[in-house]
Amino acid sequence: MLYHFSKNFFCPCHGFRYYIKTIGKEIVKTGLQEITIEKRSGYEEKRSVSAEYYALLLGEKILLVKSSSKPSTIVEGEISPIPFDLRLELFDSPEMKEIENYFYPFYLEDTIFKFDGYVGIIGIIVFLFLFTKYSFPAFKYISNPSKIPAVKRVSSWGDPITTSKEIENEYKNSKMHFGNYTITNKYVIEVGFFSFDIFRFSDLLWGYKRVTKKRVNFIPAGKEYDTILIFYGGSAAIGGTEEQINGILNYSAQKAPWAVFGYTDDISKLFNKDTRNFCLYIEERKRKIVKG
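Residues numbered from 1 in each chain as written. Predicted model: local features only at pLDDT ≥ 70, side-chain atom pairs only at ≥ 80, totals over all residues. Heavy atoms only, no water.

Peer 1: Give a description of the side chain of Glu-170 that names residues and reports values.
Peer 2: Relative to the assigned elements, Glu-170 resides in helix H5 (residues 160-173). Among buried Asp, Glu, Lys and Arg side chains, Glu-170 stands out as unpaired, with Lys-186 the closest opposite charge at 5.1 Å. Of note is the side chain of Glu-170, whose polar atom sits 3.2 Å from the backbone nitrogen of Asn-185. Setting aside residues up to four positions removed in sequence, Glu-170 forms contacts with Thr-184, Asn-185, Lys-186 and Tyr-187. (Helix = DSSP H or I, 4+ residues; strand = E, 2+ residues; numbered from the N terminus. Buried < 20%, exposed > 50% of the residue type's maximum accessible area, 1.4 Å probe, protein only. Lys, Arg positive; Asp, Glu negative; His and termini not counted. Salt bridge = Lys/Arg side-chain N within 4 Å of Asp/Glu carboxyl O. Polar contact = N/O pair within 3.5 Å; in protein donor to acceptor, adjacent residues only side chain to side chain. Contact = heavy atoms within 4.5 Å.)

Take a look at the structure:
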């Protein structure tokens, strides 16, 4: 018997969702799995089972349940109509065809419910931070915080709530501020009028100093210095004095000794023309350093 049915559950990312909590008699694997394939630069790096489908016996009916780990007979999450392609796979044998009518026409997914909840929490934290500091620019994110690049990135780093608290604490306690950027023990955080981004030192690939010669009416007018830090997922350009830039690079080298530092045409060519092998090289350096 289904109970605690509600269509008034509001997800910050997708609006109103249909949510239930139910208790069944028995739950068994169907043998169907959802496979996640991770790629970088178009090449497959690894694949893993991200979720499995289970059959939950509810009286004389069966509820299909999608979960990242085998649930108990008590399940809760979002319900949606069973997709056509999933139905074809599930009932592709004569034995399953015979019991197709016993299945509910919808399935329960607890993984997306948990994920969207976490992403929503991070999105709200980011939005409130931006709203408090910059007011109106934050409004463009309120309807769909999951589209914020930083939100997507943070949600892939583990438990989003724990990570968000850690980022907030490090940001508040850091004394390393350079324009829109704040550098902490683990993170590089950008907070600008129209920008908000977060990177981890553990994802750092390459860092170098960029020097730009300024001219006014063809007359030399000094130089501008930037630290360029390139991570998985994006990059940061941190401006400052030459002394500050050297300090940032030295600090980054301490936090990510596996990364490549310095600029040459060969390094640039390898990174831009053969990014995959560049990343594999960094990962191998990192593995050796971490392993000791």
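This is not the end of the story, as more comes after the structure.
Peer 1: How would you sum up helix H6 (residues 242-255)? Please name residues and give values.
Peer 2: For H6, which comprises 14 residues, the first-to-last C-alpha distance of 20 Å matches the rise-based estimate of 20 Å (1.5 Å per residue) to within 8%. Every buried residue of H6 is listed here: Ile-245, Ile-248, Leu-249, Tyr-251 and Ser-252. One face of H6 carries all of its buried residues, which in axial projection span an arc of 165 degrees. Of the residues in H6, the exposed ones pointing more than 90 degrees away from the buried face are Glu-243 and Gln-254. (Expected span 1.5 Å × (residues − 1). Arc of directions from axis to C-beta.)

Peer 1: Mind laying out the packing of aromatic side chains, listing which residues take part and the relevant values?
Peer 2: All told, the structure shown has 11 aromatic pairs when counted by the stated rule. Geometrically, the ring pair formed by Phe-199 and Phe-231 is stacked, given 4.8 Å between the ring centres and 10 degrees between the ring planes. Within this pair, whereas Phe-199 is found in strand E11 (residues 196-200), its partner Phe-231 is found in strand E13 (residues 219-231), the two being separated by 32 residues in sequence. Residues Phe-199 and Phe-231 agree in their burial class; the two are buried. Each ring, one from Trp-206 and one from Tyr-208, has its centre 4.7 Å from the other, and the planes form 40 degrees; the classification is tilted. Residue class for Trp-206 comes out buried when judged on its relative accessible area of 2%. An aromatic cluster of three or more residues is present, and its members are Trp-206, Tyr-208, Tyr-263, Phe-271 and Phe-278. (Phe/Tyr/Trp six-rings, centres within 6.5 Å; stacked < 30°, edge-to-face > 60°.)

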